[in-house]
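Per-entry structural report
What follows is the residue order along each chain.
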Number of protein chains: 4
Amino acid sequence: MTLPRTPAPDWQTTRWFNTDKPLALADLRGRVVALHAFQMLCPGCVQEGIPQAQRIARLFDPAQVAVIGLHTVFEHHDVMTPEALQVFIHEFRLTFPIGVDAPGEGSPLPRTMAAYGMQGTPSLILIDAEGFVRKHSFGVEPDMRLGADIALLLAERDKGGASGHA
Amino acid sequence: MTLPRTPAPDWQTTRWFNTDKPLALADLRGRVVALHAFQMLCPGCVQEGIPQAQRIARLFDPAQVAVIGLHTVFEHHDVMTPEALQVFIHEFRLTFPIGVDAPGEGSPLPRTMAAYGMQGTPSLILIDAEGFVRKHSFGVEPDMRLGADIALLLAERDKGGASGHA
Amino acid sequence: MTLPRTPAPDWQTTRWFNTDKPLALADLRGRVVALHAFQMLCPGCVQEGIPQAQRIARLFDPAQVAVIGLHTVFEHHDVMTPEALQVFIHEFRLTFPIGVDAPGEGSPLPRTMAAYGMQGTPSLILIDAEGFVRKHSFGVEPDMRLGADIALLLAERDKGGASGHA
Amino acid sequence: MTLPRTPAPDWQTTRWFNTDKPLALADLRGRVVALHAFQMLCPGCVQEGIPQAQRIARLFDPAQVAVIGLHTVFEHHDVMTPEALQVFIHEFRLTFPIGVDAPGEGSPLPRTMAAYGMQGTPSLILIDAEGFVRKHSFGVEPDMRLGADIALLLAERDKGGASGHA
């Protein structure tokens, strides 16, 4: 299993939940990042993607793997507001940090979603400890594969990064 | 299996989806009614109750069993609005009629929820063809039991009702 | 839902487990019978059919619904012996009565399996309280449908039988 | 996540399936080995452990991860014979190599099971590319954790082994 390697765009957000202060990708350098993009009224997110993100957050040490939610609303903006999201987070007892993707200009697609070229929700993006995108999946992958992919990035990090391969 | 027998209060609603006109319980006389009370941001509803209601709607002939959703918002009223519910219904592809429970006066509990004495969401209430409540469950019951309970009420109806027992 | 109605052949068995004495279909007259035909090394039986039979046995009153297992070995006879079945029953903690279908003459199909025209395992056959086959399914059906079908036969029995329809 | 490190005893077997010739642990040096110990009539094996072993075999490249089944019969020896196992393997469509653990002397425990100190079935043992036991679990662990553990051992192997840590 080898994973591609492209620089991860910084995210653009308007609000955060479950964190004292806004998080930038640069703040997480040194940790593997599992970026879970979702919409609160997307069935595949609520029934599969979100529970999987919670399993990642429970399995891995947060000092090594940062699970970050990103609310990428690209439809029905009027009802999937940050206020509605706040209730959703409370009711579903989500504890990992969740940012609200910034609205696009002249486009229904929010900015971070567009910058990453996401095709829809749920999307899961793995970013290595040096800030490179290493996996980008649309839909839900099997837990075993995801566990393996995250662990490979952790191992790389402990060895001094992918650049150490050469 | 014998089921208790108390008159079903009529429901009080402010709006309907998936039906041409508002539905009253009296309109459904002659059919067994599976009344599924939910909130669109309740995890147990979204992950278990709603899918089960859809299975009921698919299994039984709608001319014999009417599946009715009831949006009984008793918390976070400002984000679980009828407009948000409409999006939820669209995204989750629900096709059975769904009414919005009327707000209570001086109480967070909506009126139908209070009239039926529901403890929370999801709740499932079975009403027989003569308009009597025969089952009232809070949480989700096994599919097999629910299938059996509905079928018993159907059988009763075909024989001329529970009063025919005497 | 109306179910067809043909007389149930008596079963022919060589041995029984979980019962003091051999059971004949006639012994169960007055009860609805759920006859679950399986082979102990059939994946669909072990992973789906057997657990469903156990759910039937747990949900319904045994005085009303008799769950009967039938070991219908039609292949690999040398390893799916009654001695192996006994261990299987013990390990899987099955508690309902289980009969061993009698070997066919000049055919790998055992006798009861042939008499009922079963297509393979798992098969589930519902027999009404008067001894008529009312449902015959190959493979596993949804729990809700099975619960409904059994309840309809129970209701019929309580009303004096299907003949009471006329 | 760091895993302990003890030498893996060689296994002692009497027969093999799904392989041209008997396999010794030494033959697999250079690959991560997932050793899945089971009994064909153990419910937890049939319903959970075996399907998980199949998922491992499908996910990882066999040139990197060798999934090996081990039939560790410690009870009901007379019915869980190699002939019965052969039918089980055929019916459940298992494709990874499976060895039959050699009977113990004066003990119901077979030899490899005893040498590894397994507590029961199912057990899963991960052996690194240099032949050391790195994980030993009794029962079934979540897929995500197992995927991560196997990937960590793969990463270690690609870097020249655990000894490269020092």
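As the structure is a prediction and not an experimental result, all values here were calculated from the model. (Residues numbered from 1 in each chain as written. Chains lettered and ligands numbered in written order. Predicted model: local features only at pLDDT ≥ 70, side-chain atom pairs only at ≥ 80, totals over all residues.)

**What to know about the relation of the copies chain D and chain A**
For these two chain copies, the linking operation is a rotation about an axis paired with a shift along it. Note on the copies: chain D fits chain A at an RMSD of 0.0 Å, the axial shift is 0.0 Å, and the rotation between them is 180°. Each copy turns onto its partner about a two-fold axis. Of the residues that chain D buries at the interface, 100% are likewise interface residues in chain A, meaning the two copies contact each other through the same surface. (Least-squares fit on C-alpha atoms with pLDDT ≥ 70 in both. Contact = placed C-beta atoms within 7 Å.)

**Observations regarding the sheet that holds strand E2 (residues 13–17) of chain D**
Sheet strands pair via backbone hydrogen bonds, and the direction of the pair is either parallel or antiparallel. Residues and elements named next belong to chain D. Reading across from one edge, E1-E7-E6-E3-E4-E5-E2 is the order of the seven strands in this open sheet, with mixed pairing throughout. Among the strands making up the open sheet, the edge pair consists of strand E1 (6–7) and E2. When E1 meets strand E7 (residues 132–138), the two strands line up antiparallel, connected through two bridges. Residue threonine 6 lies in a different strand from E7, and its bridge partner there is valine 133. (Pairing = 2+ DSSP bridges. Helix = DSSP H or I, 4+ residues; strand = E, 2+ residues; numbered from the N terminus.)

**A short note on the pairing of strand E6 (residues 123–127) of chain B**
Residues and elements named next belong to chain B. Here E6 lies mainly inside the structure; five of its five residues are buried. Residues Ser123, Ile125 and Ile127 of E6 are buried on one face, and the alternating residues Leu124 and Leu126, pointing to the opposite face, are buried as well. Sheet topology note: the strand E3 (residues 32–38)/E6 ladder contains five bridges and is antiparallel. Bridge pairing in E6 links valine 33 to isoleucine 127. Note that E6 and strand E7 (residues 132–138) share five bridges and pair antiparallel. The residue bridging isoleucine 127 from the neighbouring strand is valine 133, located in E7. The turn linking E6 back onto E7 is made up of four residues, and glycine 131 within it adopts a positive phi angle of 95°. (Buried ≥ 20, exposed ≤ 12 C-beta atoms within 10 Å, placed from the backbone.)

**Observations regarding helix H2 (residues 82–91) of chain B**
Residue and element names in this part refer to chain B. Along H2, the positions that sit buried rather than exposed are Ala84, Leu85 and Phe88. Seen from one end, H2 has its buried residues packed into an arc of 100°, which puts them on one side. Where H2 ends, the next residue or the one after it, arginine 93, has phi of about 55°, a positive value. (Arc of directions from axis to C-beta.)

**A few points about the environment of arginine 31 of chain D**
Residues and elements named next belong to chain D. On the secondary structure map, arginine 31 appears in the loop between E2 and strand E3 (32–38). Taking the C-alpha atoms as reference, arginine 31 lies 22 Å from valine 140; in sequence the two are 109 residues apart. Here arginine 31 is in contact with Gln64, Val65, Ala66 and Ala129, once residues within four sequence places are set aside.

**Some thoughts on unusual backbone geometry**
Of note, the bond from threonine 121 of chain A into proline 122 of chain A is cis; its omega dihedral lies within 30 degrees of zero at 0°. For proline 122 of chain A, the position within the fold is in the loop between helix H3 (111–116) and strand E6 (123–127). In this model, asparagine 18 of chain B sits at a positive phi of 60°, which is unusual for a non-glycine residue. As for its position among the elements, asparagine 18 of chain B is in the loop between strand E2 (13–17) and E3. Notably, arginine 93 of chain C is not glycine yet its phi reads approximately 55°, a positive angle. Tracing the chain through its elements places arginine 93 of chain C in the loop between helix H2 (82–91) and strand E5 (98–101).

Just distances and angles here, no functional claims.
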